[in-house]
Amino acid sequence: MNPLHDNLSRRGFLAGSLAAGTGLAFSPWSLKADETKPKKKLAVVTTEWRFHSHAWHMAERFLTGYPINGKWHHPPFDVVTAYVDQFPDNDLSRGRAKEFGFKITPTIAEALRNGKDKLDVDAVLIIGEHGKYDKSDVGQTKYPRYEFFKAVTDVFAEDGKVVPIFNDKHLSWNWDWAKEMVDISREQKIPFLAGSSLPVTWRMPSIDMPYDAEVEEIMSVAIGGTDSYDFHALEVMQCMAERRKGGETGVVSMQALSGDAVWEAMDAGPWKAGGWDPQLFKACLTRTQTLAQPETYSHRYPTTAQIREWVKKPIAYRFEYADGLKGTMLLMNGLVNDFTFAAKLKGQKNPLSTLFYLPPNPNVVYSAALMSNAEKTFLTGKPPYPVERTLLTGGLVEAGMQSLAQDSKKLETPHLAVEYQVPDKTLFWVS
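On a predicted model such as this, the values are computed, not experimentally measured, just so you know. (Residues numbered from 1 in each chain as written. Predicted model: local features only at pLDDT ≥ 70, side-chain atom pairs only at ≥ 80, totals over all residues. Heavy atoms only, no water.)

Undergrad: Explain the environment of V364 to me, please; I cannot follow it from the model alone.
TA: By the secondary structure assignment, V364 is in helix α13 (residues 364–380). Exposure remark for V364: the relative accessible area of 14% places this residue in the buried category. (Helix = DSSP H or I, 4+ residues; strand = E, 2+ residues; numbered from the N terminus. Buried < 20%, exposed > 50% of the residue type's maximum accessible area, 1.4 Å probe, protein only.)

Here is the structure:
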């Protein structure tokens with residue numbers, strides 16, 4: 001086993017953060033926090049804080065609470081400080097600071113030390129999304145998630161103490177930096193959770209990948225663009241694939257297609273011919289709630305010609321896992337406006353399929369699902385699912401964009417040999 005495997009071993013992870021296991025649809029109040037005790041202190045580190053930004057989605061769940069299991073829950077945390085990297089014209093951070101009584105600091109170190117000489121917060125929420133930042137050579141936005149994380153962990157190292165961290169979405173646009181973040185979290189024994197709301201939001205139907213299932217091929221049909229929503233669609237796939245027999249083995253190759261090459265792959269038929277299982281595509285479209293329709297129709301399965309007419313810029317990521325599992329991620333703007341998943345299981349005629357449900361209004365509900373898991377990590381020091389999922393998914397995004405930048409060249413991905421296992425408990429919201 002190489003050093004990456006050593007760092008990301010299944011046994012090492014299970015012996016750590018998942019040793020105690022997790023429950024179904026975690027309820028924060030099940031921890032029965034003593035309301036007579038002072039609230040814990042939370043530092044927010046974010047790129048920007050405006051309406052509909054991720055800081056608005058996430059940090060404000062710790063300011064105003066959120067609904068869960070039919071109750072309005074107020075986390076036992078006070079946001080005491082915030083570091084905000086950019087202040088657009090519609091900035092909300094300064095108004096929120098005045099309303100809720102926290103300080104906006106000029107540096108991350110000052111946010112973590114909260115006016116003291118040493119670390120003086122109990123948890124850190126890192127949100128590196130939105131804002132104006134440069135692009136990489138392949139078009140990825142260089143959000144400073146790595147720089148934020150390093151500034152936080154430098155304080156931990158200097159002050160001789162660590163607290164839990166939640167990192168929004170993928171770890172870094174740069175694979176080496178993302179891997180370093182995971183390595184640092186292991187070396188310093190930092191409880192570290194990352195990712196987005198897709199794996200933990202509701203599903204329709206409310207099903208999971210059967211634990212230890214033998215899975216042959218998976219697919220997600222989704223919306224959005226590369227370096228953003230491709231991460232979400234890949235995360236949809238990964239949170240299901242990781243439950244298969246043997247656990248996660250890593251990914252050995254990636255080929256990304258765009259434009260007419262996507263339609264050629266669709267016409268090719270099965271994976272071996274350069275396409276994907278058409279049953280999986282149809283199963284995904286049976287689960288979407290936003291399927292495009294010709295004028296005057298309410299629910300009709302589209303023809304191939306209609307799909308090509310409606311989807312102006314299709315994207316497909318075709319990738320293969322080390323154990324032989326095949327995966328296809330499709331961005332089909334104009335055909336759907338949500339995230340669906342389908343899988344071919346060995347010995348089963350019909351695909352397993354579901355919709356990963358993001359309610360359109362109010363926006364709070366799916367960020368609440370994510371922040372309930374962040375809160376659990378902050379309170380218990382035990383992330384409910386492994387950060388290796390986010391490491392691998394972010395690596396797939398980078399590999400896909402590298403392939404697109406090289407005229408859809410199929411790339412070998414030995415660096416994505418990320419192995420891990422997850423518990424058999426269902427971790428998404430079911431009520």
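Undergrad: Explain the pairing of strand β11 (residues 251–258) to me, please; I cannot follow it from the model alone.
TA: Across 7 bridges, the pairing between β11 and strand β12 (residues 315–321) is antiparallel. Counterpart to S258 in the pairing with β12 is I315. Where β11 lies against strand β16 (residues 411–412), 2 bridges are found, and the strand directions are antiparallel. Of the residues in β16, the one forming a bridge with M254 is L411. (Pairing = 2+ DSSP bridges.)

Undergrad: Looking at this model, I keep getting lost on the pairing of strand β1 (residues 40–46). Mind explaining?
TA: Put simply, side chains in a regular strand alternate between the two faces of the sheet. Judged by how many residues are buried, β1 sits mostly within the fold: 5 of 7 residues are covered. Here β1 runs beside strand β4 (residues 77–84); their pairing, made up of 7 bridges, is parallel. For V45, the partnering residue across the bridge sits in β4 and is Y83. Where β1 meets strand β6 (residues 123–127), 5 bridges bridge the pair, whose relative direction is parallel. By the bridge assignment, V44 is partnered in β6 with L125.

Undergrad: Sorry, what's going on with the nonpolar core here?
TA: Soluble globular proteins tend to pack their nonpolar side chains together in the buried interior. Core analysis: the biggest nonpolar cluster contains 95 residues, and L112, V124, F281, F319, M332, L335 and F341 have the highest contact counts within it. At 8 residues, the largest contribution of residues to this core is made by helix α9 (residues 229–241). When neighbours within four sequence positions are excluded, L335 is seen to be in contact with F281, L285, T290, L291, A292, P302, I307, W310 and V311. Ranked by size, the runner-up nonpolar core spans 33 residues in total, among them W49, A59, V200 and V364. (Core = buried A, V, L, I, M, F, W, Y, C linked by side-chain atoms within 4.5 Å. Contact = heavy atoms within 4.5 Å.)

Undergrad: Even after reading the chapter, I still don't get the pattern of salt bridges, so can you show me in this structure?
TA: Pairing between side chains of opposite charge can happen when the charged atoms of each approach one another. For the structure on display, the rule yields 21 salt bridges. The residue E48 makes a salt bridge to R50 at a minimum N-O spacing of 2.4 Å. The exposure class assigned to E48 is buried, which follows from its relative accessible area of 6%. E248 serves as the salt-bridge partner of R244, at 3.0 Å between the closest nitrogen and oxygen. No difference in accessibility class separates R244 from E248, as the two residues are buried. One continuous salt-bridge network, built from bridges that share partners, spans K41, K116 and D120. (Salt bridge = Lys/Arg side-chain N within 4 Å of Asp/Glu carboxyl O.)

Undergrad: Whenever I open this one, the packing of helix α8 (residues 175–187) against helix α14 (residues 387–405) confuses me. Can you help?
TA: How two helices pack is summed up by the angle between their axes together with the distance between the axes. Direction vectors running N to C along α8 and α14 enclose 175 degrees, while the axes themselves pass 10 Å from each other. Between α8 and α14, the crossing angle belongs to the class labelled roughly antiparallel. Contacts between α8 and α14 involve W175, A178, K179, V182 and R186 from the first element and V387, E388, L391, G395 and E398 from the second. (Axes fitted to C-alpha atoms, helices over the stretch in contact; angles between N-to-C directions. Parallel < 35°, antiparallel > 145°, perpendicular 65-115°, else oblique.)

Undergrad: Hey, could you run me through the environment of E129 in this one?
TA: Along the chain, E129 falls in the loop between β6 and α7 (145–159). The spatial distance from the C-alpha of E129 to the C-alpha of R145 is 8.3 Å, given a sequence separation of 16 residues. In contact with E129, other than residues within four places in its own chain, are T47, H54, Y143, R145, D168 and K169. Separated by 3.2 Å, the side chains of E129 and K169 make a polar contact. (Polar contact = N/O pair within 3.5 Å; in protein donor to acceptor, adjacent residues only side chain to side chain.)

Undergrad: Looking at this model, I keep getting lost on the confidence of the model for the chain. Mind explaining?
TA: If pLDDT is low for a region, its predicted coordinates should not be looked at in detail. A residue-level look at the chain finds 92% of positions with pLDDT of 70 or above and a mean pLDDT of 92. Contacts for the low-pLDDT stretch residues 1–33, under 50 throughout, to residues beyond four places or in other chains number 75 contacts. (pLDDT = per-residue confidence, 0-100.)

Undergrad: In this structure, what is going on with the sheet that holds strand β9 (residues 203–204)? I would like to understand it.
TA: Backbone-to-backbone hydrogen bonds join strands into a sheet, with any given pair of strands oriented parallel or antiparallel. The 8 strands are arranged β9-β15-β14-β10-β13-β12-β11-β16 in an open sheet whose pairing can be described as mixed. The sheet is open, and its two edges are formed by β9 and β16, each paired on a single side. Note: strand β10 (residues 215–222) against strand β13 (residues 326–331), 6 bridges, orientation parallel. The partner of M219 across the bridge, within β13, is T328. Against the sheet, helix α10 (residues 260–268) makes contact with β11, β12 and β13, and its axis sits at roughly 115 degrees relative to β11, the strand it touches most. α14 contacts β11, β12 and β16 of the sheet and is inclined by roughly 50 degrees relative to β11.

Undergrad: Is there a simple way to explain the packing of aromatic side chains in this structure?
TA: Here a ring pair, both rings aromatic, is described through the centre-centre distance and the interplanar angle of the planes. One pass over the structure, following the stated rule, counts 13 aromatic pairs. Ring geometry for Y133 and Y143: centres 5.8 Å apart, planes at 70 degrees, overall edge-to-face. Here Y133, found in the loop between β6 and α7, pairs with Y143, found in the loop between β6 and α7; they are 10 residues apart in sequence, far enough to count as distant. Like Y143, Y133 is buried. Among the aromatic residues, ring-to-ring pairing joins F62, F77 and F378 into one connected group. Seen from the ring of Y321, R244 lies directly overhead, with NZ or CZ sitting 4.6 Å from the centre. K282 extends its terminal NZ or CZ atom over the ring of Y301, reaching a point 5.2 Å from the ring centre. (Phe/Tyr/Trp six-rings, centres within 6.5 Å; stacked < 30°, edge-to-face > 60°. Lys NZ or Arg CZ within 6 Å of the ring centre and 35° of its normal.)

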